[in-house]
Amino acid sequence: MDITTNHVDRKAEIAAPFATSFGKSEGEDEGAVIKQLVSGMLGSVDAADLLVVSALDGGEVIGSVVFTRLRYPRDARVVFLLSPMAVAPGWQGQGVGLALLQGGLAQLRGRGVDVVLTYGDIGFYGRGGFVPVTQDAAAAPLPLSYPEGWLGRNLVRSDPVSLTGPSRCVAPLEKPELW
Ligand SMILES: CC(C)(COP(=O)(O)OP(=O)(O)OC[C@H]1O[C@@H](n2cnc3c(N)ncnc32)[C@H](O)[C@@H]1OP(=O)(O)O)[C@@H](O)C(=O)NCCC(=O)NCCS
């Protein structure tokens, strides 16, 4: 398995596993929504605000994680949001997700990112050092339907995440139904 951050030439190939993977776990409609979200992110978010890390097997994309800038205008720290991520159904449970998570965090650290937040299952993201974060400690950009899934980790320090003021996500994520 190889890990790459080059998404420019393989946008459709990166989006496809999101449809099959979320389609299997959440239903076909949700798979289509997430695939469209990923296509929108890859097609419209500024390069400086986007990091896509993909796992390849024999040159074929088998899973990806998408990170986008989450702006806290009243806080000097650089924050990224991990969302979404998916591993193709036939490749799940073989360490691909963990490799993507660790590869992505290493990339962000190298780019000077201070804090990473995500919205999902602590059972998986806890393996990457994420812990639950309250909305007082880090405001979510839109109201959360599942606040227990708001997770974060500092990349440069080991103290708990604590960010000042409201936040704003990239445009493709500005949809209440995604939160
Ligand atoms: C969640 C997902 C990305 C994990 O990828 P993966 O390649 O299957 O994960 P790994 O094989 O690296 O698993 C790493 C560890 O996390 C555990 N794990 C995986 N998915 C988990 C989940 N949803 N909940 C709890 N633990 C999970 C594994 O059991 C494994 O533990 P182990 O090392 O003790 O065996 C993948 O299953 C997926 O695409 N799921 C559907 C889409 C989704 O839910 N995406 C995440 C929300 S944005």
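In this numbering scheme, every chain counts its residues from 1 along its sequence in written order. In keeping with the model being predicted, local features are shown solely for residues with a pLDDT of at least 70 and side-chain atom pairs are shown and tallied solely at 80 or more, while totals for entire chains, interfaces and linings include all residues. Hydrogens and waters are ignored; side-chain quantities use all the structure's heavy atoms.

**Here's the deal with the pairing of strand β2 (residues 50-57)**
Line of reasoning, step 1. Here's how the labels work: a residue is buried when its accessible area is under 20% of the maximum for its type, exposed when over 50%, partly exposed in between, all with a 1.4 Å probe on protein chains only. Strands are runs of DSSP state E lasting at least two residues, helices are runs of H or I lasting at least four, and both sets are numbered from the N terminus onward. Summarising burial for β2: seven of the eight residues are buried, a large majority.
Line of reasoning, step 2. Bridge analysis of strand β1 (residues 2-4) against β2 gives three bridges, and the strand direction is antiparallel. Considered in β2, the bridge of T4 is made with S54.
Line of reasoning, step 3. One ladder, built from eight bridges, connects β2 with strand β3 (residues 60-69); its direction is antiparallel. Across the sheet, residue A55 finds its bridge partner in β3, namely G63.
Line of reasoning, step 4. Two strands are said to pair when DSSP picks up at least two bridges between them. Taking the residues between adjacent antiparallel strands as the criterion, β2 and β3 are bridged by two residues, where G58 takes a positive phi near 55 degrees.

**A word on the packing of aromatic side chains**
Line of reasoning, step 1. Between rings of Phe, Tyr and Trp, where Trp is taken as its six-membered ring, a pair exists when centres lie within 6.5 Å; planes separated by under 30 degrees are stacked, by over 60 edge-to-face, and by other angles tilted. Scanning the entire structure with this criterion turns up six aromatic pairs.
Line of reasoning, step 2. For the pair Y119 and Y146, a centre-to-centre distance of 6.4 Å together with 45 degrees between the ring planes defines the contact as tilted. Of this pair, Y119 sits in strand β5 (residues 115-119) while Y146 is found in the loop between β6 (131-132) and β7 (150-154), placing the two residues 27 residues apart along the sequence.
Line of reasoning, step 3. Judged by its relative accessible area of 18%, Y119 is buried.
Line of reasoning, step 4. For the pair W150 and W179, a centre-to-centre distance of 6.2 Å together with 65 degrees between the ring planes defines the contact as edge-to-face.

**Observations regarding the layout of surface pockets**
Line of reasoning, step 1. Space inside the largest pocket adds up to approximately 990 Å³.
Line of reasoning, step 2. Of the grid points, spaced at 1 Å and generated over the protein atoms alone, those admitting a 1.4 Å probe that cannot get out make up cavities, while open sets with protein on both sides within 12 Å along at least five of seven lines make up pockets; any residue with an atom within 4 Å of a point is treated as lining. As for the largest pocket, its lining consists of 33 residues, and the residues nearest its centre are F22, E26, M85, Y119 and Y125.
Line of reasoning, step 3. Only α1 (11-26), α2 (28-44), β4 (79-87), α3 (96-110), β5 and α4 (122-125) provide two or more residues apiece to the lining of the largest pocket.
Line of reasoning, step 4. At six residues, the largest contribution of residues to the lining of the largest pocket is made by β4.
Line of reasoning, step 5. For this classification, Asp, Glu, Lys and Arg are treated as charged, while Ala, Val, Leu, Ile, Met, Phe, Trp, Tyr, Cys and Pro are nonpolar and the rest, including Gly, are polar. When its residues are assigned to classes, the lining of the largest pocket shows 18 nonpolar, ten polar and five charged. Grid points are joined across faces, edges and corners, and a volume is the space filled by probe spheres set on the points.

**Some remarks on the nonpolar core**
Line of reasoning, step 1. One finds Y72, L117, W150 and W179 to be the most contacted residues of the largest nonpolar core, which totals 37 residues.
Line of reasoning, step 2. For this core, the elements supplying multiple residues, two or more each, are α1, α2, β2, β3, β4 and β5.
Line of reasoning, step 3. If you tally residues by element for this core, the top one is α2, at five residues.
Line of reasoning, step 4. When checking whether two residues touch, look at their non-hydrogen atoms; a contact exists if any pair is within 4.5 Å. Ignoring sequence-local partners within four residues, the contact set of W179 consists of L81, Y119, P141, L142, P143, L144, S145, Y146, W150, C169 and L173.
Line of reasoning, step 5. In terms of nonpolar packing, the next biggest core, distinct from the first, is built from 21 residues, F67, M85, V87 and L101 among them. We define a nonpolar core as any set of buried Ala, Val, Leu, Ile, Met, Phe, Trp, Tyr and Cys residues linked to one another through side-chain atoms lying within 4.5 Å.

**Regarding the pattern of salt bridges**
Line of reasoning, step 1. A carboxyl oxygen of Asp or Glu within 4 Å of a side-chain nitrogen of Lys or Arg is what we treat as a salt bridge. For the coordinates displayed, the defined rule picks out four salt bridges.
Line of reasoning, step 2. Of the charged contacts, one joins R71 and D49 as a salt bridge, the two residues approaching to 3.2 Å between their closest N and O atoms. Linking R71 in the loop between β3 and β4 with D49 in the loop between α2 and β2, this pair joins segments that are 22 residues apart in sequence.
Line of reasoning, step 3. Overall, R71 belongs to the partly exposed group, its relative accessible area being 36%.
Line of reasoning, step 4. With a closest N to O distance of 2.8 Å, R168 and E174 form a salt bridge.

**Notes on the site of the ligand**
Line of reasoning, step 1. One heavy atom within 4 Å of a molecule or strand is enough for the residue carrying it to be called near that molecule or strand. Residues in contact with the ligand amount to 18 residues; listed here are only the nearest, V87, G95, G97, L98 and R127.
Line of reasoning, step 2. For this analysis, a polar contact is any N or O atom pair within 3.5 Å, provided that within protein one partner can donate a hydrogen and the other can accept it, and provided that sequence-adjacent residues contribute only side-chain to side-chain pairs. Here an oxygen atom of the ligand sits 3.1 Å away from a polar atom, N or O, in the side chain of S21.
Line of reasoning, step 3. Within the contact set of the ligand, an oxygen atom lies 2.8 Å away from a backbone nitrogen or oxygen of G95.
Line of reasoning, step 4. Taking 890 Å² as the accessible area of the ligand by itself, protein coverage stands at 67%.
Line of reasoning, step 5. Being in a pocket or cavity means that more than half of the molecule's atoms lie within 2 Å of its grid points. Spatially, the ligand is embedded in the largest pocket.
Line of reasoning, step 6. Taken together, the elements giving at least two residues each to the shell around the ligand come down to α1, β4, α3 and α4.
Line of reasoning, step 7. Looking at side-chain class alone, the shell around the ligand contains eight nonpolar, eight polar and two charged residues. Only the protein chains shown count as cover for residues, with accessible areas throughout obtained via the Shrake-Rupley method and a probe of 1.4 Å.

No statement about biological role is implied by the geometric values presented.
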